[in-house]
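Observations on chain architecture
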Amino acid sequence: MNQQYLYPQNLKSEVSMWLWSMRDFSVVAICALVSALVFATTKSAIPLAVAGVYGFLTIRIEDLCVLDFLSWATRYFITTQQEFRWRLKHAEKKE
């Protein structure tokens, strides 16, 4: 009874399916299903477009996705306070 087990290179890495993490993949799949039902009943393609954009933004390559970058940029430029300290060069020399 010789069994061979295949392990991923990094055992602490996040579980993924194709190019998405499992959480993002399940969200995209559920949104696509609901969007298809909405499209079939109302002929509105807006939910399909939203699901497609979310699917594109959450594609992961080397543990980084566009949505992560956008959240970091929003946090840096909009939501967190930036602190700037201005000093004169001659004031530093006197201390």
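This text goes with the structure placed above it.
In what follows, the accompanying structure is described. The structure displayed is predicted, hence computed values, not measured ones. (Residues numbered from 1 in each chain as written. Predicted model: local features only at pLDDT ≥ 70, side-chain atom pairs only at ≥ 80, totals over all residues. Heavy atoms only, no water.)

1. Quick notes on helix H2 (residues 46-57)
When the terminal C-alpha atoms of H2 are compared, their 16 Å separation across twelve residues agrees well with the 16 Å that a helix rising 1.5 Å per residue should span. Listed as buried for H2 are Ala51, Gly55 and Leu57. With its buried residues spanning 165 degrees around the axis, H2 presents them on a single face. Facing away from the buried surface of H2 by more than 90 degrees, the exposed residues are Ile46 and Phe56. Residues of H2 that are buried in the fold lie against strand E2 (20-21), helix H1 (22-42) and helix H3 (66-79). (Helix = DSSP H or I, 4+ residues; strand = E, 2+ residues; numbered from the N terminus. Expected span 1.5 Å × (residues − 1). Buried < 20%, exposed > 50% of the residue type's maximum accessible area, 1.4 Å probe, protein only. Arc of directions from axis to C-beta. Contact = heavy atoms within 4.5 Å.)

2. With respect to the side chain of Ser35
Its place among the elements puts Ser35 in helix H1. The class of Ser35 is buried, set by a relative accessible area of 4%. Beyond its immediate sequence surroundings of up to four residues, Ser35 is in contact with Pro47, Leu48 and Ala51.

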